[in-house]
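In case you want the letters, here they are:
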Amino acid sequence: MITILPDEVANHIAAGEVIERPASVVKELVENSLDAAANQIDIEIGMGGKAYIRIIDNGHGMSPEDARIAFERHATSKITSTADLASIETLGFRGEALPSIASVAKVKLLTRPADAVAGTRIDIHGGNVIHVGESGAAPGTFIEVNDLFYKTPARLKFLKSPATEVGYINAVITDEALAHADVGFSTKHNGREQLHLPAKSDLLQRIAGLFGRDLARDLIEVHERAADFELRGFIGLPTCHRANRNYQKVFINQRPVKDKTISHAILQTYDTLIAKRRYAVALLFLSLPPELVDVNVHPTKMEIRFVNSQSIHHFITSSLRKTLGSALNASVTTSAPSSAQQEPSSQSVQPPSSSLLQPKFPTLSSPIPPPSPESFSASDTQWPESPPDMPSGRFPPQRFSRTPEIAKVPSFPTSHLHIQPLPSNRGRFATMKPIGQFRETYILVQDGDDLCIIDQHAAHERIYYEKLKQQFSQSGIDIQQLLFPVSLELSHREQVALEEYLPQLNTYGLEIEHFGGTTYLLKAVPALLAKADHKKLLYDIIDRLIETEETTDLDHIFDAVLILMACHGAIRAHQPLQQSQILALLQQMDATEYPYTCPHGRPTFIKLSERDLEKTFGRA
Ligand code: ADP
Ligand code: MG
């Protein structure tokens, strides 16, 4: 016998999908407040949300009739037909949240539209209406959710400690607060104020409020547009990275989402700029016509589906590359001021005491350990701070705005430079004057008033990496047949790994043949690598293939192969160079897209200005 489920049961099932934990309640209620055009949302949590969750907004409130209907299943004011589903602009639309929450907790609602004389109060416990009536209420809506899951001990048991649940709640609030910088948010846990984010913030202010000013300082603004798409937000300089992806957030039409296409685009953009297992900071907002994205894929609406994910991927990578490219160009330039391109405000003088977003560096008196390339990041820059008498114009003063001068905030290795945008990097290195080589490892060159120290291996690696990549994507990698093939004896494991990728390696210029038994012959290599140690190169590549056994991302694997090739082909440290070789290297640096880091993400050069030296020697 088939029966239609009573609403109470249906709500319970829906609650199972939508309301997983206190954080889901917060998400649904905050989104309702946002849909109600609130510009102040206060959130109060008790015991990680297990005791109570209160959301107080100053939105448009509900009439007595609407308040009553709001708890009915599929009651929504946001869509009326299937056609509306194609162009959803509100955060909610299913009409499931309120009935679901009310079916698994004790809910108290107080609501009043600003123009109504009286408000409405509704109490619902476990889906049963306990009380409905007129009540005094502030304009807007107050919802209190008590004793979540009180009727379902099994689900209650599944919840984690209050601290963990608060963590989930904060993650939700962070997303919503980022997506709605204009809305004020405050949070309290067990009566203690936690967050206080003022309304009418701009995005960078909001980011600073949530993640701290140190992070905000290392961000570059993104604003790109293509036919249907618009991308806004902030991304980190390559020197600004984190150990996990928590600082990568993506919003589509203001809705926080988890999306593989965009995550991959971010990964790819920074791939060779940031060390392995470190993650770029990226807070991105993509706007596109609602019909090009399906938000109705997942009950909690975290996952979405693009109509054309390939074009999104392309748009994101090209936008990020462009932004990053011009920011890096802007930050590594000579001291010659190009005032026309700089906003006057960014040259205003800031007293040293105003530490608002001032870059933090060790002081001059602190020991200066050699920069450790492995641990390179903006926050552990090992570079002496300029003394306090330094004209602060050298570090562009920060202010909260969306204007691009934030983009010019330097970060090591460029932090001691005058930050002026240059139209292009082309020809810059070629104009530098070689001084010589230090320990046959570093090239010293004069760049205007600056002393530039180039890591010859890192720089050459960058050059080779880009050359190989370019050849590969255009006509194919130029190869050179080896006069004497190199023979390799492989273990079983190595053999398996090599066999799997043999055809691909061939397209990367490595001609390898099975000779018999466990012996393989390397017969040709990329021409750029003619002088490398081929045996070592191949063993390194096979090691890498074994390491990436779990990975299915071929692009990633073969990028690693390219990086290895570049590394093997590049001039080494402790290798003497002729003047002509130094000049050639400088010229080739100009031909690269990102001369600033090697493909492993380490810096290729650092600079000291004449002024830095004068200060160090006490001349200034
Ligand atoms: P949905 O958000 O999917 O429409 P909900 O169950 O979350 O469904 O809410 C049902 C309805 O109740 C909403 O469509 C809205 O009209 C009303 N509502 C809910 N919360 C608020 C609020 N904070 N302020 C004003 N109206 C609200
Ligand atoms: Mg809703």
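Residues numbered from 1 in each chain as written. Chains lettered and ligands numbered in written order. Predicted model: local features only at pLDDT ≥ 70, side-chain atom pairs only at ≥ 80, totals over all residues. Heavy atoms only, no water.

1. Quick notes on the sheet that holds strand β19 (residues 442–447)
The condition that has to hold: Two strands pair under a simple rule: DSSP has to find at least two bridges between them. Runs of H or I in DSSP of at least four residues are treated as helices and runs of E of at least two as strands, each being numbered from the N terminus. As a rule, the C-alpha atoms of each element are fitted with a line to give its axis, helices using only the stretch in contact, and angles between N-to-C directions run from 0 to 180 degrees. Any two residues whose heavy atoms approach within 4.5 Å at even a single point are treated as in contact.
Taken together, 4 strands build an open sheet; the order of strands is β18-β19-β20-β24 and the sheet is antiparallel. Each edge of the sheet is formed by a strand with only one pairing partner; in this case those strands are β18 (433–438) and β24 (605–609). Along the sheet, successive strands turn relative to each other by an average axial angle of 25°, direction set aside. Bridge count for strand β20 (residues 450–455) against β24 is 5 bridges, and the pairing is antiparallel. Counted as the bridge partner of D450 is S609 from β24. Most of the contacts of helix α12 (residues 456–473) go to β20, to which it runs at about 70°, and overall it touches β18, β19 and β20. Along the sheet, helix α16 (residues 579–590) makes contact with β18, β19, β20 and β24, crossing β18 at roughly 115°.

2. A few points about helix α14 (residues 534–547)
Operational definition: How far a helix is expected to stretch is found by multiplying one less than its residue total by 1.5 Å. Partly exposed describes any residue whose relative accessible area lies between the buried limit of under 20% and the exposed limit of over 50%, with all areas from a 1.4 Å probe on protein chains only and scaled to the type maximum. Any pair of N or O atoms that falls within 3.5 Å is considered a polar contact. Within protein, one atom must be able to donate a hydrogen and the other to accept it, and sequence-neighbouring residues count only if both atoms are side-chain atoms.
Under the 1.5 Å per step criterion, the end-to-end length of α14 is 20 Å for 14 residues, consistent within 8% with the ideal 20 Å. Of the positions making up α14, those classed as buried are H534, L537, L538, I541, I542, L545 and I546. Regarding α14, its N-cap is D533, as a side-chain oxygen of that residue lies 3.3 Å from the backbone nitrogen of K535 further along.

3. Considerations on the sheet that holds strand β23 (residues 519–526)
In space, the 3 strands of this open sheet follow the order β21-β23-β22, with antiparallel pairing throughout. Only two strands of the sheet have a single neighbouring strand rather than two, namely β21 (479–489) and β22 (511–516). For this sheet, the mean angle separating the axes of adjacent strands, direction not counted, is 20°. Direction of pairing for β21 relative to β23: antiparallel, over a ladder of 7 bridges.

4. Points about the environment of H241
Tracing the backbone through its elements, the reader meets H241 in strand β11 (residues 241–242). H241 sits 41 residues away from A282 along the chain, and the two C-alpha atoms are 9.6 Å apart. At 3.1 Å, the side chain of H241 forms a polar contact with the side chain of R278.

5. Concerning the packing of aromatic side chains
Just so we agree on the cut-off: Stacked, edge-to-face and tilted are the three classes for Phe, Tyr and Trp ring pairs, Trp counted by its six-membered ring, which pair at centre distances within 6.5 Å; planes under 30 degrees apart are stacked, over 60 edge-to-face, the rest tilted. By definition, being over a ring means that NZ of Lys or CZ of Arg is both within 6 Å of the ring centre and within 35 degrees of the ring normal.
Summed over all chains, the structure comprises 9 aromatic pairs. Pairing Y508 with F558 gives two aromatic rings, centres 4.9 Å apart and planes at 25°, and the pair type is stacked. With a gap of 50 residues between them, Y508 in the loop between α13 (492–507) and β22 and F558 in helix α15 (residues 554–569) connect regions that are remote in the sequence. On the basis of relative accessible area, Y508 is assigned to the buried category, the value being 9%. By relative accessible area, which is 3% here, F558 ends up buried. Judged by centre distance (6.1 Å) and plane angle (50°), the rings of Y596 and F605 are tilted. Considered together, Y596 and F605 belong to a single accessibility category, that of buried residues. One Lys or Arg, R54, reaches over the ring of Y52 and ends 4.1 Å from the middle of that ring.

Scope: geometric values only; no functional claims are made or implied.
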